[in-house]
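# Structural description and commentary
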Amino acid sequence: NAGVTQTPKFRILKIGQSMTLQCTQDMNHNYMYWYRQDPGMGLKLIYYSVGAGITDKGEVPNGYNVSRSTTEDFPLRLELAAPSQTSVYFCASSTGDQPQHFGDGTRLSIL
Amino acid sequence: GDSVTQMEGPVTLSEEAFLTINCTYTATGYPSLFWYVQYPGEGLQLLLKATKADDKGSNKGFEATYRKETTSFHLEKGSVQVSDSAVYFCALIGNEKLTFGTGTRLTIIP
């Protein structure tokens, strides 16, 4: 069972570059989430989606964009990478009222 | 809004010691409460949960009881092992969004 799969696992970007973090789940979950985890901190919600075609902002959406064209995929895009976006990014999915299943994370460094 | 406050770390214990990690919450209504564990280099994994007052969640020797009167969900284990070294997050679900505490890093020394 694959669960929630994130790619890439690691990435280094230069300031101003753009990239897309991929997330896919095979559990047919309607709800999907993107979090960032800064060193020594908890998780902060960036964006979430309650179903295909529907997305909404979380606590820290600035500098990010998302789309949800299918139930399975929920990519996160950084358009102009900034050092403040250096973090570990986690994607998660759920049925909404059940605990979320997490991917293994993408470690992103902006230099 | 919803919030979770948990015991600041890091916490260092000797193997076979008793563990308590405190967690209190603020939420409207009747949230479900969770403990997640994050091992080094990995994502979060659900450790245990409780969905209503006085429920006790348990898994892998860990326990936590949903105390509505004190708005608490403290994590306990009677005898910790080196393999329990990880970061532990208390969380709640309210309004469909999972709210996390800041995490408590636990290190167990042989």
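Okay, so let's go over this structure. (Residues numbered from 1 in each chain as written. Chains lettered and ligands numbered in written order. Predicted model: local features only at pLDDT ≥ 70, side-chain atom pairs only at ≥ 80, totals over all residues. Heavy atoms only, no water.)

Attention shifts here to the overall build of chain B. Looking only at helices and strands, one finds 0 helices and 12 strands in chain B. Helices and strands appear in chain B in the N-to-C order β-β-β-β-β-β-β-β-β-β-β-β. Taken along its principal axes, the extent of the C-alpha atoms in chain B is 45 × 25 × 20 Å. Here chain B holds 110 residues, and 45% of them are scored as buried. The long-range fraction of contacts in chain B, counting pairs at least 24 apart against all pairs at least 6 apart in sequence, stands at 54%. As presented, chain B carries roughly 5300 Å² of accessible surface, and 48% of it is formed by carbon and sulfur atoms. Each charge class in chain B was averaged separately, 9 positive and 12 negative side chains, and the resulting centres sit 5 Å apart. (Helix = DSSP H or I, 4+ residues; strand = E, 2+ residues; numbered from the N terminus. Buried < 20%, exposed > 50% of the residue type's maximum accessible area, 1.4 Å probe, protein only. Contact = heavy atoms within 4.5 Å. Areas by Shrake-Rupley, 256 points an atom, 1.4 Å probe, with all protein chains shown as cover. Lys, Arg positive; Asp, Glu negative; His and termini not counted. Charge placed at Lys NZ, Arg CZ, Asp CG, Glu CD.)

To summarise the sheet geometry, strands pair through backbone hydrogen bonds and adopt either a parallel or an antiparallel arrangement. All names here are of chain B. Pairing is antiparallel across the open sheet formed by 4 strands, whose spatial order is 3-9-8-7. Two strands close off the open sheet at either side, each with one partner strand: strand 3 (19-21) and strand 7 (56-59). Neighbouring strand axes in the sheet, compared pairwise and without regard to direction, differ in orientation by 20 degrees on average. (Pairing = 2+ DSSP bridges. Axes fitted to C-alpha atoms, helices over the stretch in contact; angles between N-to-C directions.)

Residue and element names in this part refer to chain A. Across all of its chains, the model carries 2 disulfides over all chains by this definition. The residue that forms a disulfide with cysteine 23 is cysteine 91, at a sulfur-sulfur distance of 1.9 Å. Torsion about the S-S bond of the cysteine 23 and cysteine 91 cystine: about -75 degrees, corresponding to left-handed handedness. Placement of cysteine 23 in strand 3 (residues 19-25) and of cysteine 91 in strand 9 (residues 87-94) is noted, with a sequence separation of 68 residues between them. Accessibility assignment for this pair places cysteine 23 and cysteine 91 in one class, buried. (Disulfide = S-S within 2.5 Å.)

Let us now look at the interface of chain B and chain A. At the junction of the two partners, chain B supplies 17 residues and chain A supplies 19 residues. Where chain B abuts chain A, roughly 1400 Å² becomes buried across the two surfaces, and 58% of that area is made up of carbon and sulfur atoms. Remark: the boundary between chain B and chain A carries 0 salt bridges. Across the chain B-chain A interface, the total number found is 3 residue pairs in polar contact (both at pLDDT 80 or more). Taken together, the elements giving at least two residues each to the side of chain B that touches chain A come down to strand 5 (32-38), strand 6 (44-50), strand 10 (86-94) and strand 11 (97-100) of chain B. Within the side of chain B that touches chain A, the residues separate by chemical class into 8 nonpolar, 5 polar and 4 charged. (Buried area = accessible area lost by both parts, 1.4 Å probe. Salt bridge = Lys/Arg side-chain N within 4 Å of Asp/Glu carboxyl O. Polar contact = N/O pair within 3.5 Å; in protein donor to acceptor, adjacent residues only side chain to side chain. Nonpolar A, V, L, I, M, F, W, Y, C, P; charged D, E, K, R; others polar.)

With that settled, the discussion passes to the packing of aromatic side chains. Applying the stated rule across the entire model yields 12 aromatic pairs over all chains. Between phenylalanine 102 of chain A and phenylalanine 100 of chain B, the ring centres sit 6.1 Å apart and the planes meet at 70 degrees, which makes this aromatic pair edge-to-face. Separated into two different chains, phenylalanine 102 of chain A in strand 10 (residues 101-102) and phenylalanine 100 of chain B in strand 11 make up a pair that spans both. Neither phenylalanine 102 of chain A nor phenylalanine 100 of chain B differs from the other in exposure class; each is buried. (Phe/Tyr/Trp six-rings, centres within 6.5 Å; stacked < 30°, edge-to-face > 60°.)

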